[in-house]
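# Examining the three-dimensional arrangement
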Amino acid sequence: GLAAPTAVTLSNARAAAAGGAYLALAAGALIAGAVSCLRTIGIVLFIAPAVAALLFAPLGVAALGMALAGFVLARRANADGGAVSTPDNPFELSAVLKIAFLLAVVALTSKLAAEKLGSAAVLAVSALTGLADVDAVALSVPLLAPATLSQEVAAQAVLAAVGMNICAKAAYAIMLGGGRYGMAYAGLSLAAGA
């Protein structure tokens, strides 16, 4: 989701960029991105296995790319010896309530969009939702296949959400995380996502 474009807060990234620890922070963020891609496959696999089968290759490649880039940066960070401060706790009740609300909105909007406006509207809703959260799309849109949407369109909707989420996190990292951290994270995550 949106809450963590990195494994640590962006303020930690900005503070660490001057000392060279940005490599370790970018590495953690990339590995978290890889886990997020794999988690999305797992969520869809639990809900709609036929849709998940269409996600294995594209999300698996993205996860592999992010993980490899993260491990390379982590090795470089270890060689440089940069220290990283401890991140804040990302678990809050308000975040859980927000995701529950977002899930309900996305489920209703996607169903109405599919029934009234067709698959292009579902893709648009999924892409816009992906700016903030992927889980809401992964938990709701695959349920529409095959009754309301084809399995291919449901998979495309999940991929649209993931793609937009990767782009949004890259933008947040550049704008809020500092130059070297932002560029390292954004460049590598966008390349893996592409």
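For the structure, see preceding data.
Residues numbered from 1 in each chain as written. Predicted model: local features only at pLDDT ≥ 70, side-chain atom pairs only at ≥ 80, totals over all residues. Heavy atoms only, no water.

When you go through the chain residue by residue, the secondary structure sums to 8 helices and 0 strands. Reading the chain from its N end, one meets helices and strands in the order α-α-α-α-α-α-α-α. The buried share among the 194 residues of the chain stands at 43%. The contacts of the chain with a sequence gap of at least 6 include a subset with a gap of at least 24, amounting to 75%. (Helix = DSSP H or I, 4+ residues; strand = E, 2+ residues; numbered from the N terminus. Buried < 20%, exposed > 50% of the residue type's maximum accessible area, 1.4 Å probe, protein only. Contact = heavy atoms within 4.5 Å.)

Below, the discussion takes up the packing of aromatic side chains. Two measures describe an aromatic ring pair: the distance that separates the ring centres and the angle between the ring planes. As enumerated under the stated definition, the model contains 1 aromatic pair in all. Both rings, one in Y181 and one in Y185, keep their centres 6.2 Å apart while their planes meet at 10°; by these two values the pair is stacked. One end of the pair, Y181, and the other, Y185, are both in helix α8 (residues 179-193), 4 residues apart, so they sit about a helical turn from each other. Of the two residues, Y181 and Y185, neither departs from the other in class, the shared state being buried. (Phe/Tyr/Trp six-rings, centres within 6.5 Å; stacked < 30°, edge-to-face > 60°.)

Moving on: unusual backbone geometry. In this chain, A145 is followed by P146 through a cis amide linkage whose omega measures 0°. Along the chain, P146 turns up in the loop between α6 (135-140) and α7 (151-177).

Scanning the entire structure with this criterion turns up 1 cavity of 30 Å³ or more. Within this model, the largest cavity holds a volume of roughly 90 Å³. The wall of the largest cavity is formed by G33, S36, C37, T40, M66, V134, V162, N165, I166, K169 and Y185. (1 Å grid on protein atoms, 1.4 Å probe; cavity = no way out; pocket = protein on both sides within 12 Å on 5 of 7 lines; lining within 4 Å. Points joined across faces, edges and corners; volume = space filled by probe spheres on them.)

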